[in-house]
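Overview (structure and organization)
Listed below, chain by chain, are the residues.
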Amino acid sequence: MIVNIVKNTFEKSIGHYTLYSLNDFLNLPLALIKEKKADSALFNLNLYPYGTKTRASASNLNFIKTNFMILDFDSGISIDEVCLYLKDFTYLGYTSGSNSLSLPKFRIILQLKDSVLIDDIAILKNKLTNKFKGVDPTTFAKNRFFYFPTSIDKEGNKTKFFKNEAKDYDFYLLHKIDLKCAKMEFQKEVDTYTYKEKDFTI
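In what follows, the accompanying structure is described. Counting restarts for each chain, with residues numbered from 1 along the sequence as it is written. Reporting of local features is limited, given that this is a predicted model, to residues whose pLDDT is at least 70; pairs of side-chain atoms are given and counted only at 80 or more, and all residues count toward the totals for whole chains, interfaces and linings. For side-chain calculations, the full set of non-hydrogen atoms in the structure is used, while hydrogens and water are omitted.

1. Details of the overall build of the protein
Filter applied, for reference: By the criteria applied, helices consist of DSSP H or I runs no shorter than four residues and strands consist of E runs no shorter than two, each listed in order from the N terminus. Residue burial is assigned from relative accessible area. The probe radius is 1.4 Å, only protein chains are included, and a residue is buried under 20% of its type maximum, exposed over 50%, and partly exposed in between.
For the protein, the helix and strand inventory stands at 5 helices and 9 strands. Its helices and strands taken in sequence order, the protein reads β-β-β-β-β-α-β-β-α-α-β-β-α-α from the N to the C terminus. With 202 residues in all, the protein has 39% of them scored as buried.

2. A short note on the sheet that holds strand S9 (residues 161-164)
Worth spelling out the cut-off: The pairing criterion for strands is at least two bridges between them, as found by DSSP.
If you trace the 5 strands from one edge of the open sheet to the other, you get S4-S5-S7-S6-S9, paired in antiparallel fashion. Both outer strands of the open sheet, strand S4 (46-47) and S9, are each paired with one neighbouring strand and no more. Pairing of S4 with strand S5 (residues 65-73), which is carried by 2 bridges, proceeds in the antiparallel orientation. Paired with Asn 46 across the two strands is Thr 66, which belongs to S5.

3. Thoughts on the environment of Lys 158
With respect to the element layout, Lys 158 can be found in the loop between strand S8 (146-147) and S9. Using a relative accessible area of 72% as the deciding quantity, one classes Lys 158 as exposed.

4. Re the packing of aromatic side chains
Where we set the bar: Aromatic rings from Phe, Tyr and Trp, taking only the six-membered ring of Trp, are treated as a pair when their centres fall within 6.5 Å; an angle between ring planes under 30 degrees marks them as stacked, one over 60 as edge-to-face, and anything in between as tilted.
For the structure on display, the rule yields 9 aromatic pairs. On the numbers, 6.0 Å between centres and 45 degrees between planes, the contact of Phe 132 with Tyr 169 is tilted. Highlighted residues: Phe 132 in the loop between helix H3 (125-131) and S8 and Tyr 169 in the loop between S9 and helix H4 (171-174), separated in sequence by 37 residues. Accessibility expressed as a relative area gives 2% for Phe 132, which makes it buried. Given a relative accessible area of 1%, Tyr 169 falls into the buried group. In textbook terms, an aromatic cluster arises when at least three aromatic residues are bridged by ring pairs, as seen for Tyr 85, Phe 89, Phe 132 and Tyr 169.

5. Here's the deal with the environment of Asn 164
Which entries qualify depends on this criterion: By the convention used here, residues are in contact when the closest approach between their heavy atoms is within 4.5 Å. N or O atoms within 3.5 Å of each other form a polar contact, as long as, within protein, one can give a hydrogen and the other can take it, and as long as residues adjacent in sequence are counted only when both atoms are side-chain atoms.
Looking at where Asn 164 falls in the secondary structure, it is placed in strand S9. Remark: the alpha-carbon pair of Asn 164 and Cys 83, spanning 81 residues in sequence, is separated by 8.3 Å. In this structure, Asn 164 is in contact with Leu 86, Lys 87, Asp 88, Phe 89, Thr 90 and Tyr 91, ignoring residues within four places of it in sequence. Polar contacts involving the side chain of Asn 164 include one to the main-chain carbonyl oxygen of Phe 89, which spans 2.7 Å.

6. Structural notes on the pattern of salt bridges
For the record, the criterion: For salt bridges, the criterion is a side-chain nitrogen of Lys or Arg within 4 Å of an Asp or Glu carboxyl oxygen.
Considering all chains together, one arrives at 6 salt bridges under this definition. Across the salt bridge formed by Asp 88 and Lys 87, the nearest N and O atoms sit 3.6 Å from each other. By relative accessible area, which is 37% here, Asp 88 ends up partly exposed. Assessed through its relative accessible area of 48%, Lys 87 is described here as partly exposed. Residue Lys 163 is joined to Glu 165 by a salt bridge in which the shortest nitrogen-to-oxygen separation is 3.7 Å. For Lys 163, a relative accessible area of 42% puts it in the partly exposed group. By relative accessible area, which is 61% here, Glu 165 ends up exposed. Taken together, the shared-partner salt bridges in this structure form one network comprising Asp 72, Arg 107 and Arg 144.

Dropping the structure here:
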């Protein structure tokens, strides 16, 4: 997998790093693992056109597809609850730099069976938010970048990694009906839209 990396939230250029499996996240280069979230690099696993080197060019329009869904949980749901829900699927997770005992915050990288078009994920944003209880809805934003794991959380506890090896998440099989209905509804809106004079400019 190609990991798109920016050094910090103010960095405009994108670097690229290759991981050959989810397990490689357990052996990230030490240079990427910082103690504080504010010092951490950010990443995403989206596939962009060859040559995408800036965050500006890594826009929603340039996003092609992905082989992973990254899920952020920061509403207080426990790791055990989410892991039980995802027990049939392959994933890797880790606690975030803002994690605490009173308010668990963690991230899960869910491996997909096939490449999924970003538009198909975006069109099901509300369905996916309801399906994955406690997930942050912004996790499905097309050009979202996520923080690499820190070495400790904000309370000084060592970052916890957890994983599960099962079957890959079959997005198109599990969401076939939802996706069909969503696309039909979208087309219905297009077909019934009444064009007005202000919609056209010369």
